[in-house]
Protein chains: 2
Amino acid sequence: MQVDTILKSQISNLKSQISNLKFQVSSFKLLRSLMYENKNKKTAPTAPKLTSLSELGEFGLIDRLTKNVKHYHPETLKGIGDDAAVFDLGDKVMLMSTDLLVEGIHFDLTYMPFKHLGYKAAVVNISDIAAMNGIPMQMTVSLAVSSRFSAEALDELYAGIIMACDKYKVDLVGGDTSSNVKGLMISVTVTGIANKEDVTYRSGARPGDLLCVTGDLGSAYIGLLVLEREKSVFQVDPNMQPELTGFDYQVGRQLRPEARTDVRNLLIGIGVRPTSMIDISDGLASEILHICKHSGVGCKLFEGKIPMDAHTREVAKEYKIIPSVAALSGGEDYELLFTVKQDDYEKIKDIAGISIIGHMTAAAEGKYMITPDGKAVPITAQGWDGMRRDA
Amino acid sequence: MQVDTILKSQISNLKSQISNLKFQVSSFKLLRSLMYENKNKKTAPTAPKLTSLSELGEFGLIDRLTKNVKHYHPETLKGIGDDAAVFDLGDKVMLMSTDLLVEGIHFDLTYMPFKHLGYKAAVVNISDIAAMNGIPMQMTVSLAVSSRFSAEALDELYAGIIMACDKYKVDLVGGDTSSNVKGLMISVTVTGIANKEDVTYRSGARPGDLLCVTGDLGSAYIGLLVLEREKSVFQVDPNMQPELTGFDYQVGRQLRPEARTDVRNLLIGIGVRPTSMIDISDGLASEILHICKHSGVGCKLFEGKIPMDAHTREVAKEYKIIPSVAALSGGEDYELLFTVKQDDYEKIKDIAGISIIGHMTAAAEGKYMITPDGKAVPITAQGWDGMRRDA
């Protein structure tokens, strides 16, 4: 019996050696063709037309890259396409989500202190676990850093990460640290636990469900505009003092967002189980469309119901932005967008910090925002560029 | 009762608003001081001395950054400091590990085809799960890519990732895709499952245990040298054809490593339970020192027992490198280094593909390599720079 096992493992060993050798041959051929390709690059008469990444956009690229992905484990209840992956543990599930923050793309160290950056990097990931109605548990943090950064700067960054881990009770359990050719890159992965029947997917909304959102929206984006403005002023005249007084709320929402892990208990407390949920990282419009797509429903959103800070509305107007557009397309609020059954209306309508902003419809009815004067405007996921043009 | 819950949640909401406001005030102060600091940078009479990252080294930096890390969940059995974090699920545990690959630091696209790069990025992470004696389960892949890359290049990269996922039966369940200012960066996180009593930590080795290694070592590093040489030749004269014939094994080990997930079953088959285990990513010497440090033991390694491919030895000599140094300091072999009880000697001594290369001793006896002529040389973790100087 034991000899059998040994033999079998030796056979499997040999087979893997053969497959190894075959791959080495193909490696070698591929390598040679690659080197030839590089060599002939300049003289190649008809290079194949390549697709630039900007043509595809982030979601188009992800769809393209992951279309051949298969699952091998029945425990994988959800893979790509929600706020977190879901792995079956019996009564409970394990959630996993990951986010990347790249200097020059996601943050600007001119006005983003390292401690805040660390805090935010942790929070945006924890927010994904909150969006699945889970409890965050563990985190890994990987850094790629160029030699321009000092250990003291990274101390601050980690102080922010550890501060968030302390607040949200998340165990920092690993990571990887590497040099980088240029700039700073932070990759965070977070896991969480949830009861299997409590997990909220993007796909659970049904026609008639109420569309709800926590907190208020648009301030993080306005905070970014304020910071960008002060940065320009500062670049022109380094003796100018940054004029942030009066923008504390907006700047705080941008530099130090929070994850709404409290919403899970709030909803349990009032006996409401959300039918679908997502966190608002890209803007209300984009997140609503995700829920509609994954749930196969349409929606009616009432513009006048979108919760916004009064001062944020004013500042938006100063920047010549329609306030609701800051909420719809601004993003980075990290509030939760969720749907509940219509029957739960009485339970949820008077809860402070939760706004009912519309309801879901049949897919055929489309996805519309109803303006205060009754016009129906199709909801589209605008990029940030779109915002100022429309204003 | 329900009113109570609502009130409590409103109170907690208010408290969190207060804490939010306090932090915003501190954000604002910090921000102002930061902008002032930037402004005064040139005129500051005594800037504090900052610590460069190169002074600390990777492990020194990790120790420094993570010294304040606390755990909040008793389920976290192991955090930072092993091949993977370990989370208690009852009879089983969940493993999690993450690795970063940065262009210009970890790979060179001159000779690394995208498909191989994807394959390798997946494999080096799966190897960490194998090193914990676990079964890999799920993977997330995050990419930061500059506009220099085409969708077709990323198709190839993903084809390699998916090929590895198929071979090792790992579910690709998520990730994040971002622009990058420069270059390509790949961050992979992998999870796995293991029986709680089967998990092998770096800390389990005891004096008297046998030190074993799978496969052969040093070829991946020699493969890298061959590729680097051909790259230089190619840069001098682009009409030269790369001369890789005869180096298939070494080049294959560098461009397309495999994870030894098969070792788990092999050891179960012969009834041997390893007492500690680690995968060889940084070189045999560095990994032995990790086991010694975490287990609180010393070791005697016999140079003549280190398994190496005969041709790799020859090529090493051509490059004026002592062959064993390629194994000790080269890294990237992704074989498994493990210890077993001395009682298991008979079971393991004749297994093809496993070499007994030494044994563990009391910590006080030190960490030595015994050369074929009987000299005892202290084992040190040399950087790559050290290798050629010593040769």
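Residues numbered from 1 in each chain as written. Chains lettered and ligands numbered in written order. Predicted model: local features only at pLDDT ≥ 70, side-chain atom pairs only at ≥ 80, totals over all residues. Heavy atoms only, no water.

1. Quick look at the relation of the copies chain B and chain A
Note: a rotation about an axis with an accompanying shift along it relates these two copies of the chain.
Then step 1. With an RMSD of 0.0 Å, chain B superimposes on chain A once it is rotated by 180° and translated 0.0 Å along the axis. Both copies are brought into coincidence by an operation consistent with a two-fold rotation axis.
Then step 2. Residue by residue, 99% of the interface of chain B is reproduced at the interface of chain A, so both copies engage with the same surface. (Least-squares fit on C-alpha atoms with pLDDT ≥ 70 in both. Contact = heavy atoms within 4.5 Å.)

2. Structural notes on the pattern of salt bridges
All names here are of chain A.
Then step 1. The full count for this structure, using the stated rule, is 42 salt bridges over all chains.
Then step 2. With its nearest N and O atoms 2.5 Å apart, the salt bridge here joins Asp 108 to Lys 231. You can see Asp 108 sitting in the loop between strand E3 (92–102) and helix H3 (114–130) and its partner Lys 231 sitting in helix H5 (residues 219–236), a full 123 residues away along the chain. Of the two residues, Asp 108 and Lys 231, both sit in the buried class.
Then step 3. Between Asp 350 and Lys 349 there is a salt bridge, with its nearest N and O atoms 2.9 Å apart.
Then step 4. Judged by relative accessible area, which is 57%, Asp 350 ranks as exposed. (Salt bridge = Lys/Arg side-chain N within 4 Å of Asp/Glu carboxyl O. Helix = DSSP H or I, 4+ residues; strand = E, 2+ residues; numbered from the N terminus. Buried < 20%, exposed > 50% of the residue type's maximum accessible area, 1.4 Å probe, protein only.)

3. Looking at helix H2 (residues 53–65) of chain B
Then step 1. The terminal C-alpha atoms of H2 of chain B, which comprises 13 residues, lie only 12 Å apart, well short of the 18 Å expected from a rise of 1.5 Å per residue.
Then step 2. When the local axis directions of H2 of chain B are compared, the greatest deviation, roughly 80°, occurs at Phe 59 of chain B.
Then step 3. Taken residue by residue, H2 of chain B has Leu 53, Leu 61, Ile 62 and Leu 65 of chain B as its buried positions.
Then step 4. Next to the buried residues of H2 of chain B lie strand E4 (135–145), helix H4 (151–168) and strand E5 (171–179) of chain A. (Expected span 1.5 Å × (residues − 1). Bend = angle between axes of the 7 residues up to and from the residue.)

4. Section: helix H8 (residues 284–295) of chain A
Residue and element names in this part refer to chain A.
Then step 1. When the terminal C-alpha atoms of H8 are compared, their 16 Å separation across 12 residues agrees well with the 16 Å that a helix rising 1.5 Å per residue should span.
Then step 2. Among the 12 residues in H8, 10 count as buried, and that is most of the element.
Then step 3. When we look at burial in H8, the residues that qualify are Leu 284, Ala 285, Ser 286, Glu 287, Ile 288, Leu 289, His 290, Ile 291, Cys 292 and Ser 295.
Then step 4. Following H8 by one or two positions, Gly 296 adopts a phi angle in the positive range, close to 65°.

5. As for the sheet that holds strand E13 (residues 376–378) of chain A
Residues and elements named next belong to chain A.
Then step 1. Within the open sheet, the 7 strands sit side by side as E8-E10-E7-E11-E9-E12-E13. Their pairing is mixed. One side of each edge strand has no neighbouring strand; the edge strands of this open sheet are strand E8 (276–279) and E13. Going from strand to strand, the sheet's axes swing by 25° on average, the running direction of each strand aside.
Then step 2. Lying over the sheet, H3 contacts E8 and strand E10 (336–340), oriented at roughly 175° with respect to E8.
Then step 3. In the packing of H8 onto the sheet, the strands contacted are strand E7 (210–214), E8, strand E9 (297–302), E10, strand E11 (354–362) and strand E12 (367–370), and the crossing angle to E9 comes to about 150°. (Pairing = 2+ DSSP bridges. Axes fitted to C-alpha atoms, helices over the stretch in contact; angles between N-to-C directions.)

6. Topic: the interface of chain B and chain A
Then step 1. With 123 residues of chain B in contact, the opposing surface of chain A contributes 123 residues.
Then step 2. When chain B packs against chain A, close to 10,600 Å² is buried across both sides, 66% of that on carbon and sulfur atoms.
Then step 3. Here chain B is connected to chain A by 24 residue pairs in polar contact (both at pLDDT 80 or more).
Then step 4. Counted by class, the side of chain B that touches chain A contains 60 nonpolar, 41 polar and 22 charged residues. (Buried area = accessible area lost by both parts, 1.4 Å probe. Polar contact = N/O pair within 3.5 Å; in protein donor to acceptor, adjacent residues only side chain to side chain. Nonpolar A, V, L, I, M, F, W, Y, C, P; charged D, E, K, R; others polar.)

7. Remarks on the sheet that holds strand E1 (residues 76–78) of chain B
All names here are of chain B.
Then step 1. Within the open sheet, the 6 strands sit side by side as E1-E2-E3-E6-E4-E5. Their pairing is mixed. A single partner strand is all that each edge strand has here, and the edge strands are E1 and strand E5 (171–179). Pairwise comparison of adjacent strand axes, ignoring direction, gives a mean angle of 20° for this sheet.
Then step 2. Sitting on the sheet, helix H3 (residues 114–130) is in contact with strand E3 (92–102), strand E4 (135–145) and strand E6 (184–195), with an inclination near 35° to E6.

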